[in-house]
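Observations on chain architecture
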Amino acid sequence: MKEIAKAYNSKETEDRIYKMWEESGFFNPDVCVKKGIAKPNAESYSIVLPPPNVTGTLHMGHAAMLAIEDILIRAARMQGKKTLWIPGTDHAAIATQAKVESDLYKKEKKTRRDLGREEFLKLVEAFAKESHDTIIHQLRKMGSSLDWTREAFTLDDKRNMAVRTAFKRMHDDGLIYRGARIVNWDPKMQTTVSDDEIEWIEEQGKFYYLKYGPFVIGTSRPETKFGDKYVVLHPDDNRYKQYKHGQQLQVEWINGPITATVIKDTAVDMEFGTGAMTITPWHDATDFDIAQRHRLDKQQIIDFQGKLLPIAGEFAGLHISKARQLIVEKLQNKGLVDHIDEKYTHRLATNSRGGGIIEPQIKEQWFVAVNKPFTLKESHIPAIPSESETTLKELIRKTVESKQIAILPERFEKTYYHWIDNLRDWCISRQIWYGHRVPVWYRDKETYAGVQAPEGEKWEQDPDTLDTWFSSGLWTFSTLGWPEQTQDLKTYHPTTVLETGYDILFFWVARMILMAGYHTGNVPFRNVYLHGLVRDDQGRKMSKSLGNIINPLDMIEKYGADATRLSLIIGAAPGNDIKLSEDKVRGYKYFTNKIWNVSRFILLNTEGEVDLAKKPQLTPKQEQLLEELKKLSQETTQDIANFRLYLAGEKLYHYFWHRFADVIIEESKPAFRQSTGEEKISTQWLLLAILTTLLKLLHPFTPFVTEEIYQHLPILQRKQLLMVEQWPIL
RNA sequence: GGGCGGCUAGCUCAGUCGGUUAGAGCGUCGCAUUCACAUUGCGAAGGUCACAAGUUCGAGUCUUGUGCCGCCCACCA
């Protein structure tokens, strides 16, 4: 027999085992069918990997995601299902561009405009390529049994075809339109961002009460007030009942007298401030809505660089960050400041993708209409029959309401509905360079939207690119070949599970439901498994500034991938944040070593090759142990099927260590010492039978150590790889 | 302002949608041990399940209220 090391050495083992798996081809379900691992008509089981952003390296959250998905995939594969897990990466348009721009500025003090679109894109692509390679390396290190032959990128040619096709179809249905609406403008990155990409920051500031004719109006932003010629009051506010809607009056304002118009609208909160406000429709979403309702004039005050326009008179050209104090001084000199509330907390909108402070602007952009009726031609969603009229908003709501998709944990369904209720039209165009170019061409007054550029001269393509979530929304089916009706699409879509962090429920999960609903008339997945954030042992977010980041590769290096996986599974119920410490990972390393040494003990006490199919005469006690194992096996199967991985993992851990090792093995020792024929043979058989079953059950959780041991098992039934062994059916 | 979640052993969390003396891991304490593993074994201490009321034969589990802690959303300018 081959010499077996005293302790499990993950470093020596893991890369070798992964290579073996990869070379076997069994990550690819087509190979599994060809080699008889899965029957051609077997049930399919598919997961599309949430594509990591090519902005850097993988963190512990990714590691948790990979551990969960790989467990589901490996169990399904061993259960004989046609099992597919598709790898891929996300170009992450704005995040990647922001990273490269920032590096470029740090290194060479240059901006993207200094390089020009083409040169800059080359730089981004080089960065993305490097980042991609790092990520792929990390995916392998975790033991992920991904089908590399089907790898995709959200910005590759096939996905670009899917994006342009999707855009055109929605455009032709009137669900994508171009309109001048108020958008979130980031003056720093010079682009719009969607509502969901905004991060609100609390800021201590002042609140100014200004005299506006007979009114006192409140504002936190005096620098936007130049063009304010409407004063808005609540129709039920008795304090102002002598003023009628539409009434005009002359008021003295920042740069001289203006004509003010009274507007009555219920959007005003009577309790707040003085109950009177002036509006700036060009630079505030609420004000914009009021202006739309009453068809009021809108005037731009701040340019796209964040500087005041000529309307500001003497302040024109001044950056808004410097203007406020000067304007307040002027108002004070003119006696227009009633009083100032010195302590006021207001919320500042910032671009969460590494950009600056958002300045709302009215701009022509492309939008997805979420409330516009359309006819869903072919539907597999019972709540919305084929040929019936619906809206995207209704589509994504009813899909979940009618239980076509199960969200785990269930409570996130409420969060999901709440988000839908607040959903506005989705701004999908961005003024950045890295991403899918909007597939629309212009010539004079003509506009052409299509999959390919139009025939003829002088057509200019829209310079904007699409929100990264537009292409991610198509991910479950674009990775399977859509818009072509491929065999993969028929076999693996809808996918079985979508597993991701709860923090991107809106960004991504909801948009996939929207896109799949519209384009395929079906759900993108049957189940949503939401994992929590991985935090440090004190429950803090891991961040560079806190210096508390645990790097998955470091953990794998020190304790092995199996231990790292277990530490992210056990004690981590879906939807709950995971507190992780190095001690926890170390604890599970001890467990992998325990598996190793139990196996080593059994191997050292077994002679020759045992035929597990030939069950010797067992004592009643031994039969009882087999019953116990059967129960564990059934529970594990059930727990995995119901996504209770934390329970399955814990039960297996407990059984293996404290039942199998501490009790069953210990009690078997006399049998080996006395070496009387029959008892020894039955004990040998029993221990090997239990071990073989446990290795199979544990394999999805700790694939490396179990595979390595399996390769040494002296049993007749051993096929090539544990990875494709049959799941215990007892 | 609206919504969601958490509060169970010193720490981290389970408790599979009501059922016998409430569990695990880590930690603590004591004992053992060159026999697969010190990355070990055996044993012990430790909880009025946040609080209050209710439903029930029976509540950590269901209902209502309260208190902290956390998260998400929102058009108080």
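Parameters at a glance
Residues numbered from 1 in each chain as written. Chains lettered and ligands numbered in written order. Predicted model: local features only at pLDDT ≥ 70, side-chain atom pairs only at ≥ 80, totals over all residues. Heavy atoms only, no water. Helix = DSSP H or I, 4+ residues; strand = E, 2+ residues; numbered from the N terminus. Buried < 20%, exposed > 50% of the residue type's maximum accessible area, 1.4 Å probe, protein only. Contact = heavy atoms within 4.5 Å. Areas by Shrake-Rupley, 256 points an atom, 1.4 Å probe, with all protein chains shown as cover. Pairing = 2+ DSSP bridges. Axes fitted to C-alpha atoms, helices over the stretch in contact; angles between N-to-C directions. Near = heavy atom within 4 Å. Polar contact = N/O pair within 3.5 Å; in protein donor to acceptor, adjacent residues only side chain to side chain. Nonpolar A, V, L, I, M, F, W, Y, C, P; charged D, E, K, R; others polar. UniProt positions renumbered as here; feature names shortened; annotations may be inferred. Salt bridge = Lys/Arg side-chain N within 4 Å of Asp/Glu carboxyl O. Core = buried A, V, L, I, M, F, W, Y, C linked by side-chain atoms within 4.5 Å. Phe/Tyr/Trp six-rings, centres within 6.5 Å; stacked < 30°, edge-to-face > 60°. Lys NZ or Arg CZ within 6 Å of the ring centre and 35° of its normal. Arc of directions from axis to C-beta. Parallel < 35°, antiparallel > 145°, perpendicular 65-115°, else oblique.

Looking only at helices and strands, chain A features 22 helices and 27 strands. When the backbone C-alpha atoms are referred to their principal axes, chain A occupies close to 110 × 60 × 55 Å. Within chain A, the proportion of its 730 residues that are buried is 57%. Sequence-distant contacts in chain A: of pairs separated by 6 or more residues, those separated by 24 or more amount to 75%. Carbon together with sulfur atoms contributes 49% to the accessible area of chain A, which is approximately 31800 Å² in total.

If you walk across this open sheet you meet the three strands as 8-7-13, and the pairing is antiparallel. The outermost strands of the open sheet, each flanked by one partner alone, are strand 8 (215–219) and strand 13 (337–351). Averaged over all adjacent pairs, the angle separating strand axes in this sheet is 20 degrees, with direction ignored. Examined bridge by bridge, strand 7 (residues 198–212) and strand 13 share twelve bridges and lie antiparallel to one another. Residue pairing in the sheet places Leu210 in a bridge with Val337 of strand 13. Where helix 9 (residues 320–333) meets the sheet, it contacts strand 7 and strand 13, and its direction lies at approximately 160 degrees from that of strand 13.

With that settled, consider the protein's contact with RNA strand B. Taken together, 43 residues sit near RNA strand B, with Phe272, Thr286, Tyr344, Asn576 and Trp657 positioned nearest. In RNA strand B, atoms within 4 Å of the protein come 63% from sugar and phosphate. In the environment of RNA strand B, a phosphate oxygen lies 2.4 Å from a nitrogen or oxygen atom belonging to the side chain of Trp657. In this structure, a base nitrogen belonging to RNA strand B sits 3.3 Å away from a side-chain N or O atom of Lys669. Among the secondary structure elements, those contributing two or more residues to the surface near RNA strand B are strand 13, helix 11 (412–421), helix 18 (582–604) and helix 20 (645–674). Looking at the surface near RNA strand B element by element, the count peaks at 13 residues for helix 20. Residue composition of the surface near RNA strand B, grouped by class: 16 nonpolar, eleven polar and 16 charged.

What follows concerns the UniProt feature "domain: Aminoacyl-tRNA synthetase class Ia" (unreviewed entry) in chain A. The UniProt entry lists residues 17–446 and 455–581 under the feature "domain: Aminoacyl-tRNA synthetase class Ia" (unreviewed entry), expressed in the numbering used here. Taken as a whole, residues 17–446 contains 32% helix and 26% strand, while its terminal C-alpha atoms sit 59 Å from one another. Taken end to end, residues 455–581 has its terminal C-alpha atoms 61 Å apart, with 38% of it in helix and 17% in strand.

What the rule picks out here adds up to 53 salt bridges. For Arg293, the salt bridge goes to Asp265, with nearest N and O atoms at 3.0 Å. Of this pair, Arg293 sits in helix 8 (residues 285–294) while Asp265 sits in the loop between strand 11 (256–264) and strand 12 (276–278), and the two are 28 residues apart along the sequence. A salt bridge links Arg430 to Asp467; the shortest N-O distance between them is 3.2 Å. Here the residue Arg430 occupies a position in strand 19 (residues 429–430), and Asp467 occupies one in the loop between strand 23 (465–466) and helix 12 (468–472), the gap between them amounting to 37 residues.

This paragraph deals with the nonpolar core. Leu72, Leu139, Phe656, Phe660 and Leu713 are the most contacted members of the largest nonpolar core, which has 101 residues in total. Counting residues per element, this core draws most heavily on helix 3 (residues 60–78), at 13 residues. Filtering out sequence-adjacent residues up to four positions away, Phe656 remains in contact with Phe591, Lys594, Ile595, Val598, Ala661, Leu691, Leu694 and Leu698. Within the second largest apolar cluster, 62 residues are counted, among which are Ile381, Ile384, Tyr492 and Phe507.

Once that is clear, we can look at the packing of aromatic side chains. As enumerated under the stated definition, the model contains 33 aromatic pairs in all. Each member of the aromatic cluster is reached from another via a ring pair, and the members are Tyr588, Phe591, Tyr653, Phe656, Trp657 and Phe660. The cationic tip of Arg347 hangs over the ring face of Trp200; the distance from NZ or CZ to the ring centre is 4.0 Å. One residue, Arg511, lies across the ring of Trp426, its end atom 4.3 Å from the ring centre.

Time to look at helix 16 (residues 552–559). What helix 16 keeps buried is the set Pro552, Met555, Ile556 and Tyr559. For helix 16, the buried positions fall inside an angular range of 100 degrees around the axis, keeping them on one side. You can read the cap of helix 16 off the contacts: a side-chain oxygen lies 2.8 Å from the backbone nitrogen of Leu553, and it is on Asn551. Once helix 16 finishes, Gly560 follows within two positions and takes phi at roughly 95 degrees, a positive value.

Another aspect to go through is the sheet that holds strand 22 (residues 460–461). In spatial order, the strands read 21-20-22; together these three strands make up an open sheet with antiparallel pairing. The sheet is open, and its two edges are formed by strand 21 (446–449) and strand 22, each paired on a single side. The pairing of strand 20 (residues 440–443) with strand 21 spans four bridges and is antiparallel. Counterpart to Trp441 in the pairing with strand 21 is Tyr448.

With that out of the way, let us pick up the pairing of strand 9 (residues 230–233). Neither face of strand 9 is exposed, since Tyr230 and Val232 on one face and Val231 and Leu233 on the opposite face are all buried. Summarising the sheet, strand 9 and strand 11 pair through four bridges and their orientation is parallel. Looking across to strand 11, one finds that Tyr230 is bridged to Thr261. Strand direction decides the pairing type here: strand 9 and strand 12, joined by three bridges, are antiparallel.

For helix 15 (residues 505–520), a buried count of 15 out of 16 residues is recorded, marking the element as mostly surrounded by other parts of the structure. Once helix 15 ends, the next one or two residues include Gly521, with phi positive near 60 degrees.

Right, let's get into the packing of helix 19 (residues 620–641) against helix 21 (residues 677–698). Their axes nearest at 11 Å, the elements helix 19 and helix 21 cross at an angle of 5 degrees. Here helix 21 runs roughly parallel to helix 19, going by the angle between their axes. Where helix 19 approaches helix 21, its residues Gln622, Leu625, Leu626, Leu629, Leu632, Ser633 and Thr636 are matched on the opposing element by Ser682, Thr683, Trp685, Leu686, Ile690, Thr693, Leu694 and Leu697. The residue inventory of the contact of helix 19 with helix 21, partitioned by class, reads nine nonpolar, six polar and no charged.

Here we take up the environment of Phe288. Mapped onto the fold, Phe288 is located in helix 8. Owing to a relative accessible area of 4%, Phe288 belongs among the buried residues under this scheme. In the structure, Phe288 is positioned 107 residues away from Arg181 in sequence and 8.4 Å away in space, judged by C-alpha atoms.

The subject of this paragraph is the side chain of Gln190. With respect to the helices and strands, Gln190 occurs in the loop between strand 5 (176–186) and strand 6 (191–193). Take Gln190: its relative accessible area is 16%, and that puts it in the buried class. In this structure the side chain of Gln190 is engaged in a polar contact, spanning 3.3 Å, whose partner is the side chain of Gln305.

Another point: the environment of Gln247. Along the polypeptide, Gln247 turns up in the loop between strand 9 and strand 10 (248–253). Spatially, the C-alpha atoms of Gln247 and Gly56 are 58 Å apart, while their sequence positions differ by 191 residues. At a separation of 2.8 Å, a polar atom in the side chain of Gln247 contacts the main-chain amide nitrogen of Lys244.

Turning our eyes to something else, we now look at the environment of Asn41. Among the secondary structure elements, Asn41 is positioned in the loop between helix 2 (29–34) and strand 1 (44–48). Residues Asn41 and Phe672 lie 631 residues apart in sequence; the distance between their C-alpha atoms is 46 Å.

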